[in-house]
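Chain and residue survey
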Amino acid sequence: MGIVSGKRALVVGVANDKSLAWSIAQALAAEGAELALTYQGEILEKRVRPLAAQIEASVIGELDVTNDSQIASVFSKLNDKWGGLDLLVHAVAFAEREDLRDRFLTVSRANFAKSMDISAYSLVALARAAEPLMEARGGGSILTLSYLGAVRAIPNYNMMGVAKAALEACVRYLSIDLGSKNIRVNAISAGPARTLSSSAIRDFHTMAHEVEARSPMRRGMKPEEVGTMAAAILSDLSSAVTGQTIYADVGYNIVGF
Ligand code: NAP
């Protein structure tokens, strides 16, 4: 029996087989959860469907996290399908390419708002939609993904660092709102991994190389290590853990120089 056997999970943020959300979905499936995935637009649907088939997950529908009617529709379909929800994975972020390089100072008002909406507010919107479904199951567990740039100024991470700082604060406030309903909210702060999103960050390879050279474990983080950590945090094995940002970064965050 797996550590999330019998749990029903929604995973948002699978774009392809490099996505951290895909590593998490695979780990949850391996640990016995039943999964539903979403996609954003027709191109991603074509990529997500074959991946979902590999782990016998259902594709519950299209979900652009800035679209409230799509959020309502996805959670209503989940309610019809399962009558509740145990686990929610939020692995979504966005910043314009121009705001992931050079000076943070130059970010426009519109780009700042869009990045905060997709990368931080969306966790609040999804948690609010998940609340009644999790209550129906006697509780639940919500997980999002962050990065060290939330708490340290990392060259080029710029706008995304500010959005991740807001996201980590959202985790803390949501955990207070939902804790008495036995719903936990946590973040994993992952090390650098080569994905579609991270390829937009200028000089990403330097970030990754730094971790390999200087982290206590002297290697990079493997995406599957985010998956297994996510399964552990989402599972009842972590029943006293909420409001936390937990580092799965081969220890890089503790190193001075
Ligand atoms: P990814 O595969 O590109 O996943 C990012 C996902 O966000 C994609 O599925 C993307 O879909 C989705 N997304 C963007 N805007 C959206 C919207 N409006 N509505 C719904 N989905 C939207 O990259 P990833 O690296 O795995 O990122 C997953 C999470 O991990 C992000 O929060 C990221 O910040 C975090 N993280 C990544 C790293 C890393 O080094 N890769 C490290 C720490 C934390 P589209 O492709 O359609 O835009």
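What comes next concerns the included structure. Since the model is a prediction, treat every value here as computed from it, not as a measurement. (Residues numbered from 1 in each chain as written. Predicted model: local features only at pLDDT ≥ 70, side-chain atom pairs only at ≥ 80, totals over all residues. Heavy atoms only, no water.)

What follows covers the layout of surface pockets. The calculated volume of the largest pocket comes to roughly 1,200 Å³. As for the largest pocket, its lining consists of 44 residues, and the residues nearest its centre are A91, V92, A93, F94 and S197. If you list the elements that add at least two residues to the lining of the largest pocket, you get helix 1 (20-30), strand 2 (34-39), strand 5 (140-146), helix 5 (158-179) and helix 6 (204-214). Here the residues of the lining of the largest pocket sort into 28 nonpolar, eleven polar and five charged. (1 Å grid on protein atoms, 1.4 Å probe; cavity = no way out; pocket = protein on both sides within 12 Å on 5 of 7 lines; lining within 4 Å. Points joined across faces, edges and corners; volume = space filled by probe spheres on them. Helix = DSSP H or I, 4+ residues; strand = E, 2+ residues; numbered from the N terminus. Nonpolar A, V, L, I, M, F, W, Y, C, P; charged D, E, K, R; others polar.)

The geometry of helix 1 relative to helix 7 (residues 223-234) is characterised by a closest axis approach of 7 Å and an angle of 55° between their N-to-C directions. Considered as vectors, helix 1 and helix 7 are oriented oblique to each other. For the pair helix 1 and helix 7, the sense of crossing is right-handed. Here L20, S23, I24, A27 and L28 of helix 1 come into contact with helix 7, specifically with P223, E224, V226, G227, T228, A230, A231 and L234. For the contact of helix 1 with helix 7, the per-class residue count stands at nine nonpolar, three polar and one charged. (Axes fitted to C-alpha atoms, helices over the stretch in contact; angles between N-to-C directions. Parallel < 35°, antiparallel > 145°, perpendicular 65-115°, else oblique. Left-handed = near helix turned anticlockwise from the far one by under 90°. Contact = heavy atoms within 4.5 Å.)

Now for empty space enclosed by the protein. Per the counting criterion, the structure on display carries one cavity of 30 Å³ or more. Counted as a void, the largest cavity has a volume near 50 Å³. Considering the residues around the largest cavity, the lining is formed by Y147, L148, S189, A190, G191, P192, V211, Y247, D249 and Y252. Broken down by class, the residue content of the lining of the largest cavity amounts to seven nonpolar, two polar and one charged.

With that settled, consider the nonpolar core. Core analysis: the biggest nonpolar cluster contains 39 residues, and V11, V14, L28, L35, L37 and I188 have the highest contact counts within it. The residues touching V14, leaving out its near neighbours within four places in the chain, are S19, A21, W22, L37, T38, L44, V48 and L51. Counting residues in hydrophobic clusters, the runner-up holds 35 residues, among them V12, I71, A127 and L167. (Core = buried A, V, L, I, M, F, W, Y, C linked by side-chain atoms within 4.5 Å. Buried < 20%, exposed > 50% of the residue type's maximum accessible area, 1.4 Å probe, protein only.)

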